Amino acid sequence: MPVEKNESGQRQVQVEIEVPGSPEEVWQAIATAAGVSSWFVPTSTEYGSDGQPIRMTCDFGPGMESVSEITNWDPPHSFSATSKDLGPDAPEVATQWIVESRDGGVCVVRVVHSLFASTDDWDDQLEGWESGWPSFFRLLRLYLAHFSGQPSSLLQLSGMSSRGKSAAWAALLEGLGFNNPRVGQRCVSSDSAPTLAGVVERVGDAVSPEELLLRLDEPSGGIAHIFAMPMGEQVFLSLRYYLYGPESEEIKSREEPLWQAWLQDLVAGEASA
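Structure report, in brief. (Residues numbered from 1 in each chain as written. Predicted model: local features only at pLDDT ≥ 70, side-chain atom pairs only at ≥ 80, totals over all residues. Heavy atoms only, no water.)

Digging into the overall build of the chain
- Regarding its fold elements, the chain presents five helices and 14 strands.
- Rg of the C-alpha trace for the chain: 20 Å, near the compact-globule value of 19 Å for 273 residues, within the 12% margin.
- Each principal axis of the C-alpha distribution contributes one length, and for the chain these read about 55 × 40 × 35 Å.
- Buried residues in the chain amount to 48% of all 273 residues.
- Looking at the chain alone, contacts between residues at least 24 apart form 51% of all its contacts between residues at least 6 apart.
- Averaged over its 17 positive side-chain charges, the chain has a centre that lies 5 Å from the centre of its 39 negative ones. (Helix = DSSP H or I, 4+ residues; strand = E, 2+ residues; numbered from the N terminus. Rg over C-alpha atoms; globule rule 2.2 N^0.38 Å. Buried < 20%, exposed > 50% of the residue type's maximum accessible area, 1.4 Å probe, protein only. Contact = heavy atoms within 4.5 Å. Lys, Arg positive; Asp, Glu negative; His and termini not counted. Charge placed at Lys NZ, Arg CZ, Asp CG, Glu CD.)

This is the structure in structure tokens:
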């Protein structure tokens, strides 16, 4: 949807999703560092002397931290925060998270991003957030449906391919042993790849065809989010494994170097292909 605008200069986008769980369970997933880290990116929270959260930091990678100052805190219903994610000279961004209970043991989660500006200079960024949240919200829904409240660890892998996007995606799936995956199918990684197995929850659509979402049972219970996207003249390959359970950190430590070496070999093999 296009950015909503009003006469005061406010520009706004919002995204929502229905998820399983009570308001309290959903709140833990979207408003605590442990919860957010379980389906989004590694997150930390700072607290004031009164025990209330004052700042939340989401770590998207080296030099890509998003720091939000908490401005309103009303558990388990809503919280608001402001950030300078668009840069020091850009308008401040206000974000509100809302949890609304529905019948049948579900809740609606809504995120609203807004800023004030007299030009359209920042509309592309707002639209980018709007288009990006549905992918993460699918992870949130899977987490709440199957792994809510469990300890978690995130194994993040990425590489750059010089192939075209479709070719890079096909090579990645072939390397994994996940050729022609279908929703409901159980996929098991090939002998040449580290252990990964689970049920396909989603394959890409017309908007984002190079995407795969698995509910894992090996090397632990978890979620795998695998996708490819153009980045300049190359293609960015991303494999993100959310591992759950009391041994998730131990499993991550064991599996991470195996996956890093595998992905490095996969990308390096393009030169001789």
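Once you've had a look at it, read on.
Considering the environment of D74
- Within the element layout of this structure, D74 appears in strand 5 (residues 65–74).
- Judged by its relative accessible area of 36%, D74 falls in the partly exposed class.
- For D74 and S152, which are 78 residues apart along the polypeptide, the C-alpha to C-alpha distance reads 26 Å.

Focus on the nonpolar core
- Membership of the largest hydrophobic core comes to 36 residues, with the highest contact counts inside it found for W39 and F137.
- Among the secondary structure elements, those contributing two or more residues to this core are strand 2 (10–20), helix 1 (23–31), strand 4 (53–59), strand 6 (78–83), strand 7 (93–102), strand 8 (106–116), helix 3 (123–146) and strand 14 (234–244).
- For this core, the leading source of residues is helix 3, giving eight residues.
- Setting aside residues up to four positions removed in sequence, F137 forms contacts with V15, E16, I17, W39, W97, V109 and V111.
- One finds A193, L243, W259 and L263 within the second-largest nonpolar core, a separate group that totals 27 residues. (Core = buried A, V, L, I, M, F, W, Y, C linked by side-chain atoms within 4.5 Å.)

Some words on the pattern of salt bridges
- The full count for this structure, using the stated rule, is 17 salt bridges.
- The residue D120 makes a salt bridge to K5 at a minimum N-O spacing of 3.2 Å. Of this pair, D120 sits in the loop between strand 8 and helix 3 while K5 is found in strand 1 (residues 4–5), placing the two residues 115 residues apart along the sequence.
- A residue is classified by how much of its surface remains accessible, and D120, at 47% relative accessible area, is partly exposed.
- Between K5 and D123 there is a salt bridge, with the nearest N and O atoms lying 3.2 Å from each other. In this pair, K5 sits in strand 1 while D123 sits in helix 3, placing the two residues 118 residues apart along the sequence.
- Each of K5, R11, D120 and D123 takes part in salt bridges that share partners, so that together they form one network. (Salt bridge = Lys/Arg side-chain N within 4 Å of Asp/Glu carboxyl O.)

Brief notes about the packing of aromatic side chains
- By the definition in use, this model includes 19 aromatic pairs.
- Note on F147 and Y244: the rings are 4.5 Å apart at their centroids and 20 degrees apart in plane angle, and the pair reads as stacked. Here F147 is found in the loop between helix 3 and strand 9 (152–161), whereas its partner Y244 is found in strand 14, with 97 residues between them in sequence.
- Ring centres of F227 and F236 lie 6.4 Å apart, and the angle between their planes is 55 degrees; this geometry places the pair in the tilted category.
- Aromatic ring contacts, followed pair by pair, group W27, W39, F40, F60, W73, F79, W97, W133, F136 and F137 into a single cluster. (Phe/Tyr/Trp six-rings, centres within 6.5 Å; stacked < 30°, edge-to-face > 60°.)

A word on the side chain of S37
- Looking at the element boundaries, S37 is found in helix 2 (residues 33–37).
- A relative accessible area of 17% places S37 in the buried class.

Brief notes about helix 1
- Turning to helix 1, its buried residues number three or more, namely P23, V26, W27, A29, I30 and A31. Relative to the axis of helix 1, the buried residues are bounded by an arc of 165 degrees and lie together on one face. (Arc of directions from axis to C-beta.)

With respect to the side chain of S220
- Within the fold, S220 resides in the loop between strand 12 (211–218) and strand 13 (222–231).
- Excluding anything up to four places from it in sequence, S220 contacts L243, Y244 and I251.

A few points about helix 5 (residues 248–268)
- If you check helix 5, its first and last C-alpha atoms are 29 Å apart, about what 21 residues at 1.5 Å a residue would give, namely 30 Å.
- By the largest-angle criterion, E255 marks the main kink of helix 5, which is about 35 degrees, and a proline, P257, follows within four residues.
- Buried residues belonging to helix 5 abut strand 9, helix 4 (165–176) and strand 14. (Expected span 1.5 Å × (residues − 1). Bend = angle between axes of the 7 residues up to and from the residue.)

Regarding the environment of D265
- Looking at the secondary structure, you find D265 in helix 5.
- The class for D265 is exposed, based on a relative accessible area of 57%.

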